[in-house]
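So the chains spell out like this:
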Amino acid sequence: MSQARTKYSNTAKLLTVLPTIFVLVFVIAPVANIFGKTFRDISLSLLRSGTIHEIIWFTTWQALVSTVIALALAAPVAFCVANFRFYGQRLVTSLTGIPFILPSIVVGVAFLGVLPSTLHRTAFALILAHAYFNFGFAARMIGNRWLQIHPYLDDAARTLGASPSRLFSTITLPILQRSILNTSLIVFTLCFTSYGVVRMLGGPSRSTIETEIFFRAMQLGDVSGAMLLSVVQILIIGSLFVVSTRFGSRDSRRASAPTISRQRRIDSTAKRFVVGLASLGAIGFTTAPLLAILVRSLRTSAGFTLEGWRSVATSTDLWRGLSTSFVYALGTLAIAVLLAIFASTATVFDERTAAFISVLTSLPIVVSSVSIGLGVLVTFDTPPIDWRGSQLMLPLAHAMIALPLAVRMITPVLQSIPAPLRQASSVLGANTWQTWRNIDLPIVRRSLVSAAAISAAVSLGEFGASSFLVRQNNETLPILISRLLSRPGDILQTQAFALSMILVVFSVALIFLIDTFDDFTPTNRAASDA
Amino acid sequence: MNRTKTRVGLLLTVGALIFGACNTGRSTERNDATGDSTDQDQTAGSTAPVTLKLLAYDSFTPSANIFDDFTAQTGIKVEVVLGGDAGELVTRAALTAGNPEADILWGVDNTLLSRALTARIFLPYETKNIANLDEQAQALVPNNEATPVDTGDVCINYDVNWFNQRNIAPPLTLRALTSSNYASLLVVPSPIASSPGLAFLLATIAEFGEDGWGEYWKSLKQNGALIVGDWTTAYYTEFSGSSGKGDRPIVVSYASSPPAEMIFASPRPATAPTAVAALTCFRQVEFAGILRGTKREREAQQLIDYLTDVKFQEDLPLTLFVYPANNKAKLPDDFVRYSLRPESPLQLDPDLIARNLLMWLDQFTNIVLR
């Protein structure tokens, strides 16, 4: 037995080597370099400057307001989906899930399309786009937890004479509290570090820390200022992350789903009205910006035109952008899935390794994509390690950003495999590799597809690291879109919207793939119960 | 059994993909490190024609077939890559110094030169045309760190008809722009990414001094000046005197913009539709250079010679609307007739620019953009 354990922990250690090396080289080393350079020739004058305070303050308050609005919009949707069974429910659930998986630059572009140009460079546009980006996600998170509340609890309270509001405040809210808090933290972090949306909608006057890093490094030429901001950013997100894991780990995600669904048929006009309003509102809010992209890809101030779409098919520039993006997505997928398999498998063998992997794969979340891009650019710039022009750099950076997600899709499935299954296999004489191949792999196969799909989706839409690492000869779709939009000319604008539409279609297709193959997420479990 | 085989096969493919990719990555590294030897390989077995990449700002629009002669003479092809405004080009070039995105960069001007030289983005080269190049421009690069290719002046331009119709006198000085007569009439390309924008900022610093320009910009902003991202947007979209027919009759552009409006108008108007306020001009010198890290240094040198030679230089006035840096180049009559060469343009010491540029841009961002 003890021998077996040593064997397992050795395997675990071996498996962690590859992911560790990659994270070490492409995340930790660049960030350490940024920290090192910043603290070596420290110039805190920038930190004292009013500009920076203003940017940090703006970043914070817009994230707070965005979070509140996203949750307010999510509440009615979560309520309806968790409590009623109604016509079009699946449609509402899947549609509201779309914004969250859209590339952030596309969300920015969508709101450029849907809002009048007087609102383009305002905090309002930014906050609305952030709310759009996150409300569906928030609705799912809270709705799923809500679904897990046993309906008999409600019935019991009602029988004891509780009014609906009392039921809500004494039963529902306390149970949902943790999930609401968790969701808020995640949404806040996402809005705090949001990049694509701000680049599109904020403009130079509405800068967040993330866009200011780009602005300083790539436009002003103030790399040390950018690095200092990057340090500030990492410290803030790092502490947020610590806080959120403190809260998060205790959440009863595995709370058993009730055997009886709490979704009931709608039995009154008032309820029908509420549910109808909420779901139509949600559908309208979700689809309007996407339709705006489509419309703007077909219309200039002069009228209807197919020119934008025609040039997607004919222009070598745009065509090259498309193929570059797809090649990078494939590369990202290969690297991320391979690393994720190693990392996830390692977690199965012993707990210390599992804890290590969890920290390791959280690092790319704490380090924003912009910081990864900047770090790589200023770190791997001296021969013989000058990787700034390497075609492999972007898929690698994208894979680092996708890794946390890919690992989190595979790990729970692997961990759900009962230990006796593996023990039986090894008792019957299978070695570790055979056991993995015959037990783990068949079970985990479907989640590998999901992990691959999410990695590809991350790569297709990735904008932060790309805006540092992309070069003239390898522009990806998001970079092309931002460049087209920054130039005057109606046709260029329609091209940008057409490319955005393509990104929307592929993101939706990929998320559909994930939904079909990932049968382990609570969402799907709840859906299959219903 | 078959299924496991395919699965192992899949894994192997993925593995091969990654390792294969790593290997190509490494081999390009080796090319970089020993650039010289690969250069020789390429020229030794050179049946494939060399293509040079020339990176330039968006408004780099010489005559369509201008490089045909060069290709005919040398067998080297030229691919022009447009990469945004000049400021952005230089910043990117600084971040990619030693591992460049192209072989030659066109369009670093004297306002950005210090940034380019500090980052060592260029390989020095003394062109064979050096004896004919503008001496004042040469003086900015005493060690041939870059090669001057053209000069021009950035000035306030105004829409003549707009002011005539309303019977308002056009603004003639920088100070005048803060007067309520000209409220909400001015559009300026941002100095952060645009080189005429930066030249204009430096003009105001030259005029009002290091202590006074901040106040000046505050009043400009209060007076409704519009700051846009780049020169193309400012001139062709917002300015009323150009093809875009925007709303604003005053714009920061070049001293050579009025001749451009005349020469390309058909039918040609009796009087120039736009004019320049000569007292607001700032002298701009543009440079080209060989990007350090290129694998085609020798070919790039040939291209620098071509860019400074008479044929290419004579193409510049009517395509880029700048003055050639080569004194031997003849100016087209129309260009001479309609353009204005300010006698004493505003100037700033390049060293002063080098020391303070970042701080000024930061202050500008604070004052104007937030």
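Residues numbered from 1 in each chain as written. Chains lettered and ligands numbered in written order. Predicted model: local features only at pLDDT ≥ 70, side-chain atom pairs only at ≥ 80, totals over all residues.

Across its full length, chain B holds 14 helices and ten strands. Within chain B, the proportion of its 370 residues that are buried is 46%. Considering only contacts in chain B between residues 6 or more positions apart, those separated by 24 or more positions represent 75%. (Helix = DSSP H or I, 4+ residues; strand = E, 2+ residues; numbered from the N terminus. Buried ≥ 20, exposed ≤ 12 C-beta atoms within 10 Å, placed from the backbone. Contact = placed C-beta atoms within 7 Å.)

What follows covers the packing of helix α14 (residues 316-349) of chain A against helix α15 (residues 351-360) of chain A. Residue and element names in this part refer to chain A. Across the interface, α14 lies against α15 with an axial gap of 6 Å and an inter-helix angle of 145 degrees. Along this stretch, α14 crosses α15, giving a crossing that reads as left-handed. Of the residues in α15, those in contact with A343, A346, T347 and F349 of α14 are T353, A354 and I357. Residues belonging to the contact of α14 with α15 are distributed by class as follows: five nonpolar, two polar and no charged. (Axes fitted to C-alpha atoms, helices over the stretch in contact; angles between N-to-C directions. Left-handed = near helix turned anticlockwise from the far one by under 90°. Nonpolar A, V, L, I, M, F, W, Y, C, P; charged D, E, K, R; others polar.)

So, on to helix α5 (residues 110-118) of chain B. All names here are of chain B. Burial of α5 is extensive: eight of the nine residues sit out of reach of the surface. If you check which residues of α5 are buried, you get N110, T111, L112, L113, S114, R115, A116 and L117. Taken together, the buried residues of α5 touch α4 (86-95), β3 (104-109), β4 (122-123), α8 (195-222), β9 (274-291) and α14 (350-369). R120 sits one or two residues past α5 and shows a positive phi near 50 degrees.

One widely used convention gives an interface's size as the accessible area the parts lose upon coming together. Residue and element names in this part refer to chain B. As assigned here, chain B comprises domain 1 (37-151 + 285-324) and domain 2 (153-284 + 341-369). For domain 1 versus domain 2, the distance between C-alpha centres works out to 28 Å. Listed by partner, the interface residues are 21 residues for domain 1 and 22 residues for domain 2. Contributing elements (two or more residues each) for the side of domain 1 that touches domain 2: α4, α5 and β9. Per-element tally for the side of domain 1 that touches domain 2: the top contributor is α5, with six residues. Looking at side-chain class alone, the side of domain 1 that touches domain 2 contains eight nonpolar, seven polar and six charged residues. (Domains from an automatic or database assignment.)

In regions of low pLDDT, the predicted coordinates are not meant to be interpreted in detail. Residue and element names in this part refer to chain B. Of all residues in chain B, 87% attain a pLDDT of 70 or more, and the chain-wide mean is 84. A low-confidence stretch, residues 1-46 (pLDDT under 50), is modelled with 22 contacts involving residues beyond four sequence positions or located in other chains. The ipTM, which scores confidence in the relative placement of chains, is 0.71 for this predicted complex, and the corresponding pTM is 0.82. (pLDDT = per-residue confidence, 0-100.)

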